[in-house]
Amino acid sequence: MRIGIDLGGTKIELVALDGSGRVLLRRRRPTPQGDYEATVKAVAELVGAAERELGQPGSVGIGIPGAESSLNGRIKNANSTWLIGNALRHDLEELLQRQIRLANDANCFALSEAIDGAGRGAEVVFGVILGTGVGGGIVVAQRALAGANRIAGEWGHNPLPLLEDEDQTPPQCYCGRFGCVETWLSGPGLCGDHQRHGGESITAEEIAARAGAGDSVCEASLRRYEGRLARALALVVNILDPDVIVLGGGLSNIERLYLTVPELLATHVFSDHVDTRLLRNQHGDSSGVRGAAWLWDAHYNASFASG
Ligand SMILES: [Zn+2]
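Residues numbered from 1 in each chain as written. Predicted model: local features only at pLDDT ≥ 70, side-chain atom pairs only at ≥ 80, totals over all residues. Heavy atoms only, no water.

Q: What should I look at first to understand the overall build of the protein chain in this one?
A: A tally of regular secondary structure across the protein chain gives 10 helices and 12 strands. Over its C-alpha atoms the protein chain spans a radius of gyration of 19 Å, differing by no more than 12% from the 19 Å that the globule rule assigns to 307 residues. The dimensions of the protein chain, computed from C-alpha atoms along their principal axes, are 55 × 40 × 40 Å. Expressed as a percentage of its 307 residues, the buried residues of the protein chain come to 54%. Partitioning the intrachain contacts of the protein chain with sequence separation of at least 6 by distance along the chain shows that 64% fall at a separation of at least 24. When the accessible surface of the protein chain is split by element, carbon and sulfur atoms take 51% of a total near 13,500 Å². Computed over 28 positive and 37 negative side-chain charges, the inter-centroid distance for the protein chain is 5 Å. (Helix = DSSP H or I, 4+ residues; strand = E, 2+ residues; numbered from the N terminus. Rg over C-alpha atoms; globule rule 2.2 N^0.38 Å. Buried < 20%, exposed > 50% of the residue type's maximum accessible area, 1.4 Å probe, protein only. Contact = heavy atoms within 4.5 Å. Areas by Shrake-Rupley, 256 points an atom, 1.4 Å probe, with all protein chains shown as cover. Lys, Arg positive; Asp, Glu negative; His and termini not counted. Charge placed at Lys NZ, Arg CZ, Asp CG, Glu CD.)

Q: What am I meant to see in the side chain of Asp167 here?
A: Mapped onto the elements, Asp167 comes out in the loop between β10 (143-144) and α4 (181-185). At a separation of 2.8 Å, a polar atom in the side chain of Asp167 contacts the side chain of Arg228. Of note is the side chain of Asp167, whose polar atom sits 2.8 Å from the side chain of Arg231. The residues touching Asp167, leaving out its near neighbours within four places in the chain, are Leu160, Leu162, Trp184, Arg228 and Arg231. (Polar contact = N/O pair within 3.5 Å; in protein donor to acceptor, adjacent residues only side chain to side chain.)

Q: Just checking my understanding: could you explain the coordination of the zinc ion for this structure?
A: Tetrahedral coordination by four donors sets the ideal angle at the metal to 109.5 degrees; octahedral coordination by six donors sets it to 90 or 180 degrees. Taken together, His157 (ND1), Cys173 (SG), Cys175 (SG) and Cys180 (SG) make up the protein donors of the zinc ion, found 2.1 to 2.4 Å from the metal. All donors of the zinc ion come from a single chain, and their spacing in sequence reads H-x15-C-x1-C-x4-C. In this pair, His157 is assigned in the loop between β10 and α4 and Cys180 in the loop between β10 and α4, connecting sequence segments 23 residues apart. Judged by its relative accessible area of 19%, His157 is buried. (Donors = N, O, S within 2.8 Å, 3.2 Å for Na, K, Ca; no water.)

Q: Quick question: what am I supposed to make of the nonpolar core here?
A: What tends to happen in soluble globular proteins is that the nonpolar side chains get buried as a cluster. One finds Leu130, Trp155, Leu185, Leu229 and Leu233 to be the most contacted residues of the largest nonpolar core, which totals 37 residues. The set of elements that each furnish at least two residues to this core consists of β8 (124-130), β9 (134-140), α4, α5 (187-196), α6 (204-212), α7 (216-240), β11 (244-248) and α8 (257-268). For this core, the element with the most residues is α7, which contributes 10 residues. Filtering out sequence-adjacent residues up to four positions away, Leu229 remains in contact with Leu130, Trp155, Leu185, Leu257 and Val261. Counting residues in each nonpolar core, the second largest holds 27 residues, with Ile12, Leu46, Ile64 and Ile75 among its members. (Core = buried A, V, L, I, M, F, W, Y, C linked by side-chain atoms within 4.5 Å.)

Q: Explain the environment of Arg224 here, please?
A: Relative to the helices and strands, Arg224 is located in helix α7. By relative accessible area, Arg224 is classed as buried at 8%. C-alpha of Arg224 to C-alpha of Ala266: the two residues are 42 residues apart in sequence and 17 Å apart in space. Dropping the residues within four chain positions of it, Arg224 is found in contact with Glu166, Asp193, His194 and His197. Among the polar contacts listed, one links the side chain of Arg224 to the side chain of His197, at a separation of 3.3 Å.

Q: Please explain the pattern of salt bridges as it appears in this structure.
A: Side-chain pairs of opposite charge can arise where the charged atoms are in close proximity. Counting across every chain of the model gives 22 salt bridges. In this structure, Glu164 engages Arg231 in a salt bridge whose closest nitrogen and oxygen atoms are separated by 3.8 Å. Separated by 67 residues along the polypeptide, Glu164 in the loop between β10 and α4 and Arg231 in helix α7 bring together distant segments of the chain. On the accessibility criterion, Glu164 (37% relative accessible area) is partly exposed. Accessibility expressed as a relative area gives 1% for Arg231, which makes it buried. In this structure, Arg256 and Glu219 form a salt bridge, with 2.9 Å as the shortest nitrogen-oxygen distance. Highlighted residues: Arg256 in the loop between β11 and α8 and Glu219 in helix α7, separated in sequence by 37 residues. Note on Glu219: relative accessible area 18%, which makes it buried. (Salt bridge = Lys/Arg side-chain N within 4 Å of Asp/Glu carboxyl O.)

Q: What exactly am I supposed to notice about the sheet that holds strand β4 (residues 59-64) here?
A: Strand pairing in a sheet is mediated by backbone hydrogen bonds. Such pairs are either parallel or antiparallel. If you trace the five strands from one edge of the open sheet to the other, you get β3-β2-β1-β4-β7, paired in mixed fashion. Each of the sheet's edge strands pairs with one partner strand only, and the pair in question is β3 (23-30) and β7 (101-104). Geometrically, the sheet is characterised by an average inter-axis angle of 15 degrees between neighbouring strands, direction not taken into account. Inspection of the sheet shows strand β2 (residues 11-17) paired to β3 by seven bridges, in the antiparallel sense. (Pairing = 2+ DSSP bridges. Axes fitted to C-alpha atoms, helices over the stretch in contact; angles between N-to-C directions.)

Okay, here's the thing in structure tokens:
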């Protein structure tokens, strides 16, 4: 049995899979806000409860909104800032009395979709999460790339490329930089841009719905969003040239992105044509937690993923 944990900023989700990937059990609970000790304890309790309920032990893989430093094993780059600087893997291994595997949540998302989701059968998959934050993960031959600095696929904190007039006064990111892809393409990024252009304070979902109903201010905001997404993805295509780009996170539910963005992408990519497919995820909110469980797949090479 494989147990996957998605340790998010607002909720901790657990899934237990059998050898064929069938879901045996799902559980979720809120993430203790701002409290590292309580967060670690909550993860261990979820695992303990699942194993008692199913009457068997499992391997444990965990996806986190950040990465493990290759210097000292401490967490970095986490937007759940209370994880930063803590030896999460070490502490969980102590509590659970076994080795665990840990990877960035966008890498888990990409892995899940590459194994049995939208990217099934593709050699190179770039997974993108467009949600409260923006993350990216690279899977090659069903293995998630970690990278020398454990930041492979870390797309959200590059500056938006190919700036246009509408991208002036780039917003500041929580990471300290200005104009990161995340500040434009996250849900809050879209909402902020919409307001700066005279729109109301409404959710990303509502902006998309109103654009579909003919609201011209919302339509303009969504067009700016599509243009930025295409430019930011063109850079990835020029470097990685993936077979498939899979979108996840709340904004991946905006249907028209799969029509508009590929057209725009073709105008920026350095190629006579673009065969890369832009696809919606198949496992929805479960992708991250499934990918975390797959971290212990026999096919999977640990040195590739989490070091
Ligand atoms: Zn940033």
